[in-house]
Amino acid sequence: MQQEMASEGSTVIVPRSFRLLEELERGEKGIGDGSVSYGMDDADDVYMQSWTGTIIGPSNTVHEGRIYQLKLFCCLEYPEKPPTVKFQSRINMSCVNQETGVVEPSLFPMLADWQRDYTMEDILSQLKKEMTSPHNRRLTQPPEGNDEGRVDPKGLVLRCCIIEDSSSVAMSTTLWFRTNEIC
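First things first, this report covers the structure right here in the doc. (Residues numbered from 1 in each chain as written. Predicted model: local features only at pLDDT ≥ 70, side-chain atom pairs only at ≥ 80, totals over all residues. Heavy atoms only, no water.)

### Description of the pattern of salt bridges
Here is step 1: Tallying each qualifying case throughout the model produces five salt bridges.
Here is step 2: Between Glu23 and Arg19 there is a salt bridge, with its nearest N and O atoms 2.8 Å apart. In this pair, Glu23 and Arg19 are both assigned in helix 1 (residues 16–29), four residues apart and thus about one turn of the helix distant. We note that Glu23, like Arg19, is buried.
Here is step 3: With a closest N to O distance of 2.4 Å, Arg116 and Glu80 form a salt bridge. Taken as a pair, Arg116 in the loop between helix 2 (109–112) and helix 3 (120–131) and Glu80 in the loop between strand 5 (67–73) and strand 6 (84–87) lie far apart in primary sequence, 36 residues in all.
Here is step 4: The class of Arg116 is buried, set by a relative accessible area of 16%. (Salt bridge = Lys/Arg side-chain N within 4 Å of Asp/Glu carboxyl O. Helix = DSSP H or I, 4+ residues; strand = E, 2+ residues; numbered from the N terminus. Buried < 20%, exposed > 50% of the residue type's maximum accessible area, 1.4 Å probe, protein only.)

Structural data, given as C-alpha coordinates:
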(Lines give C-alpha, C1' and ligand atoms only; values in the text may rest on other atoms or scores of the structure.)
Protein backbone atom coordinates (compact mmCIF):
# COMPACT_ATOMS: atom_id res chain seq x y z
CA MET A 1 0.00 0.00 0.00
CA GLN A 2 1.57 3.25 -1.07
CA GLN A 3 1.59 5.74 1.79
CA GLU A 4 3.79 8.51 0.50
CA MET A 5 3.55 10.27 -2.84
CA ALA A 6 6.53 12.09 -4.28
CA SER A 7 5.90 15.17 -6.38
CA GLU A 8 8.69 17.41 -7.65
CA GLY A 9 11.02 16.53 -4.78
CA SER A 10 8.41 16.83 -2.01
CA THR A 11 6.85 14.04 0.03
CA VAL A 12 3.19 13.95 1.03
CA ILE A 13 2.20 11.72 3.93
CA VAL A 14 -1.29 10.21 3.67
CA PRO A 15 -3.36 11.30 6.71
CA ARG A 16 -4.36 8.69 9.31
CA SER A 17 -8.07 8.76 8.44
CA PHE A 18 -7.41 8.20 4.72
CA ARG A 19 -4.99 5.41 5.52
CA LEU A 20 -7.54 3.67 7.76
CA LEU A 21 -10.28 4.10 5.15
CA GLU A 22 -7.97 2.39 2.62
CA GLU A 23 -7.38 -0.45 5.07
CA LEU A 24 -11.10 -0.77 5.77
CA GLU A 25 -11.90 -0.94 2.07
CA ARG A 26 -9.22 -3.57 1.52
CA GLY A 27 -10.40 -5.59 4.52
CA GLU A 28 -13.99 -5.54 3.29
CA LYS A 29 -12.97 -6.80 -0.16
CA GLY A 30 -11.16 -9.78 1.30
CA ILE A 31 -7.51 -10.69 1.37
CA GLY A 32 -5.80 -13.33 -0.74
CA ASP A 33 -7.12 -16.81 -0.09
CA GLY A 34 -9.53 -15.66 2.64
CA SER A 35 -7.59 -17.19 5.53
CA VAL A 36 -6.96 -13.71 6.99
CA SER A 37 -9.61 -11.00 7.34
CA TYR A 38 -10.29 -7.85 9.34
CA GLY A 39 -12.78 -5.04 9.79
CA MET A 40 -13.97 -2.38 12.19
CA ASP A 41 -15.69 -3.34 15.44
CA ASP A 42 -18.04 -0.38 15.41
CA ALA A 43 -19.07 1.58 12.32
CA ASP A 44 -19.83 4.56 14.58
CA ASP A 45 -16.21 4.74 15.82
CA VAL A 46 -15.23 8.02 14.14
CA TYR A 47 -11.58 7.56 15.16
CA MET A 48 -11.49 4.07 13.62
CA GLN A 49 -9.58 2.66 16.58
CA SER A 50 -11.13 -0.72 17.35
CA TRP A 51 -10.80 -3.54 14.81
CA THR A 52 -11.40 -7.30 14.73
CA GLY A 53 -9.20 -9.71 12.84
CA THR A 54 -9.56 -13.38 11.98
CA ILE A 55 -6.89 -15.90 11.09
CA ILE A 56 -7.70 -19.41 9.88
CA GLY A 57 -4.94 -21.69 11.10
CA PRO A 58 -2.47 -22.80 8.42
CA SER A 59 -2.42 -26.36 7.08
CA ASN A 60 0.04 -28.95 8.36
CA THR A 61 0.35 -27.29 11.77
CA VAL A 62 -1.38 -27.75 15.12
CA HIS A 63 -3.37 -24.64 14.13
CA GLU A 64 -4.99 -26.30 11.10
CA GLY A 65 -8.78 -26.01 11.14
CA ARG A 66 -8.83 -23.50 14.00
CA ILE A 67 -10.28 -20.02 13.65
CA TYR A 68 -8.54 -17.37 15.71
CA GLN A 69 -10.21 -14.07 16.63
CA LEU A 70 -8.07 -11.04 17.41
CA LYS A 71 -8.60 -7.45 18.52
CA LEU A 72 -6.48 -4.69 17.06
CA PHE A 73 -6.50 -1.23 18.59
CA CYS A 74 -5.12 1.67 16.55
CA CYS A 75 -4.25 4.59 18.82
CA LEU A 76 -4.47 8.12 17.47
CA GLU A 77 -0.76 7.93 16.52
CA TYR A 78 -1.39 5.02 14.11
CA PRO A 79 0.21 4.40 11.58
CA GLU A 80 3.26 6.09 13.11
CA LYS A 81 2.93 3.67 16.03
CA PRO A 82 1.77 0.05 15.75
CA PRO A 83 -1.64 -1.10 16.92
CA THR A 84 -1.92 -3.25 20.01
CA VAL A 85 -2.85 -6.79 19.03
CA LYS A 86 -4.60 -9.29 21.28
CA PHE A 87 -5.81 -12.81 20.58
CA GLN A 88 -9.37 -13.28 21.83
CA SER A 89 -9.07 -16.98 21.04
CA ARG A 90 -6.82 -19.12 23.14
CA ILE A 91 -3.48 -19.84 21.46
CA ASN A 92 -0.01 -21.00 22.40
CA MET A 93 2.60 -19.06 20.39
CA SER A 94 6.04 -17.81 21.36
CA CYS A 95 5.10 -14.14 20.77
CA VAL A 96 1.77 -14.22 22.67
CA ASN A 97 1.39 -13.59 26.40
CA GLN A 98 -0.42 -16.70 27.66
CA GLU A 99 -2.21 -14.82 30.46
CA THR A 100 -3.59 -11.90 28.43
CA GLY A 101 -3.47 -13.00 24.78
CA VAL A 102 -1.51 -9.86 23.89
CA VAL A 103 1.03 -10.14 21.08
CA GLU A 104 4.22 -8.94 22.77
CA PRO A 105 5.97 -6.36 20.57
CA SER A 106 9.39 -7.37 21.91
CA LEU A 107 8.76 -10.95 20.72
CA PHE A 108 7.12 -10.14 17.39
CA PRO A 109 9.58 -8.38 15.06
CA MET A 110 6.95 -6.65 12.93
CA LEU A 111 5.66 -4.74 15.96
CA ALA A 112 9.12 -4.26 17.48
CA ASP A 113 10.48 -2.76 14.25
CA TRP A 114 7.27 -1.03 13.17
CA GLN A 115 7.30 0.97 9.94
CA ARG A 116 4.61 3.38 8.83
CA ASP A 117 3.87 1.43 5.66
CA TYR A 118 2.97 -1.76 7.57
CA THR A 119 -0.77 -2.48 7.75
CA MET A 120 -3.15 -4.56 9.85
CA GLU A 121 -3.26 -7.00 6.96
CA ASP A 122 0.53 -7.32 7.19
CA ILE A 123 0.30 -8.03 10.93
CA LEU A 124 -2.35 -10.74 10.50
CA SER A 125 -0.48 -12.34 7.59
CA GLN A 126 2.78 -12.30 9.55
CA LEU A 127 1.09 -13.87 12.60
CA LYS A 128 -0.28 -16.61 10.34
CA LYS A 129 3.22 -17.12 8.93
CA GLU A 130 4.59 -17.23 12.49
CA MET A 131 2.19 -20.12 13.21
CA THR A 132 4.11 -22.16 10.61
CA SER A 133 7.55 -21.44 12.09
CA PRO A 134 9.40 -24.46 13.51
CA HIS A 135 9.02 -23.26 17.13
CA ASN A 136 5.24 -22.64 16.82
CA ARG A 137 3.91 -25.20 14.36
CA ARG A 138 3.87 -28.09 16.84
CA LEU A 139 3.29 -26.36 20.19
CA THR A 140 0.53 -27.99 22.21
CA GLN A 141 -2.56 -25.80 21.96
CA PRO A 142 -5.18 -25.10 24.61
CA PRO A 143 -8.73 -26.28 23.96
CA GLU A 144 -10.47 -24.23 21.29
CA GLY A 145 -12.54 -21.24 22.26
CA ASN A 146 -12.07 -17.96 24.02
CA ASP A 147 -9.99 -18.04 27.16
CA GLU A 148 -12.40 -17.79 30.08
CA GLY A 149 -9.53 -17.06 32.43
CA ARG A 150 -8.61 -13.81 30.73
CA VAL A 151 -9.97 -10.55 32.03
CA ASP A 152 -11.03 -8.20 29.28
CA PRO A 153 -9.68 -4.61 29.17
CA LYS A 154 -12.75 -3.31 30.98
CA GLY A 155 -12.00 -5.63 33.90
CA LEU A 156 -15.24 -7.57 33.70
CA VAL A 157 -15.98 -11.05 32.46
CA LEU A 158 -19.62 -11.92 31.89
CA ARG A 159 -20.71 -15.47 31.32
CA CYS A 160 -24.27 -16.39 30.62
CA CYS A 161 -25.65 -19.86 30.15
CA ILE A 162 -29.17 -21.19 29.91
CA ILE A 163 -29.73 -24.51 31.60
CA GLU A 164 -32.77 -26.66 30.90
CA ASP A 165 -34.03 -29.12 33.47
CA SER A 166 -34.84 -32.73 32.60
CA SER A 167 -38.45 -31.94 31.69
CA SER A 168 -37.29 -29.17 29.31
CA VAL A 169 -39.95 -26.90 30.78
CA ALA A 170 -38.20 -24.73 33.35
CA MET A 171 -35.14 -22.71 32.37
CA SER A 172 -32.75 -20.76 34.53
CA THR A 173 -30.05 -18.26 33.69
CA THR A 174 -26.70 -18.17 35.45
CA LEU A 175 -24.58 -15.04 35.39
CA TRP A 176 -21.06 -14.86 36.79
CA PHE A 177 -19.19 -11.63 37.24
CA ARG A 178 -15.54 -11.24 37.99
CA THR A 179 -13.92 -7.89 38.45
CA ASN A 180 -10.36 -7.11 37.59
CA GLU A 181 -8.22 -7.24 40.74
CA ILE A 182 -5.97 -4.48 39.40
CA CYS A 183 -8.45 -1.63 39.68
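So, next bit.
### Structural notes on a nonpolar patch on the surface
Here is step 1: The grouping of Val46, Tyr47 and Leu76 at the surface amounts to a nonpolar patch, some 350 Å² of accessible area in total.
Here is step 2: Turning to its location among the elements, Val46 is positioned in the loop between strand 3 (36–40) and strand 4 (50–56).
Here is step 3: Looking at Val46, the relative accessible area reads 68%, which means it is exposed. (Patch = residues over 30% accessible without salt bridge, like charges linked within 9 Å, V, L, I, M, F, W, Y side chains within 5 Å. Areas by Shrake-Rupley, 256 points an atom, 1.4 Å probe, with all protein chains shown as cover.)

### With respect to helix 1
Here is step 1: With 14 residues, helix 1 should reach 20 Å at 1.5 Å per residue; the first-to-last C-alpha distance of 20 Å fits that figure.
Here is step 2: All of the buried residues in helix 1 are Arg16, Arg19, Leu20, Glu23, Leu24 and Gly27. The buried side chains of helix 1 occupy one side of the element, clustering within an arc of 140° when seen end-on. Turned more than 90 degrees away from the buried face of helix 1 sit Glu28 and Lys29, all of them exposed.
Here is step 3: Packed against the buried residues of helix 1 are strand 3, strand 4 and helix 3.
Here is step 4: In the segment just after helix 1, Gly30 is the residue with positive phi, at about 100°. (Expected span 1.5 Å × (residues − 1). Arc of directions from axis to C-beta. Contact = heavy atoms within 4.5 Å.)

### What to know about the sheet that holds strand 3
Here is step 1: Here four strands make up an open sheet; going across it, the order is 3-4-5-6 and the pairing antiparallel. Where the open sheet ends on each side, the last strands, each with one partner, are strand 3 and strand 6. Ignoring strand direction, the axes of neighbouring strands in this sheet form an average angle of 20°.
Here is step 2: Strand direction decides the pairing type here: strand 5 and strand 6, joined by four bridges, are antiparallel. The residue of strand 6 that forms the bridge with Lys71 is Lys86.
Here is step 3: Across the sheet, helix 1 is in contact with strand 3 and strand 4; its angle to strand 3 comes to roughly 130°. (Pairing = 2+ DSSP bridges. Axes fitted to C-alpha atoms, helices over the stretch in contact; angles between N-to-C directions.)

### What about the pairing of strand 4?
Here is step 1: Pairing between strand 3 and strand 4: five bridges, direction antiparallel. Across the sheet, the residue bridging to Val36 is Ile55, located in strand 4.
Here is step 2: The sheet contact formed by strand 4 and strand 5 spans seven bridges and is antiparallel. Residue Gly53 lies in a different strand from strand 5, and its bridge partner there is Leu70.

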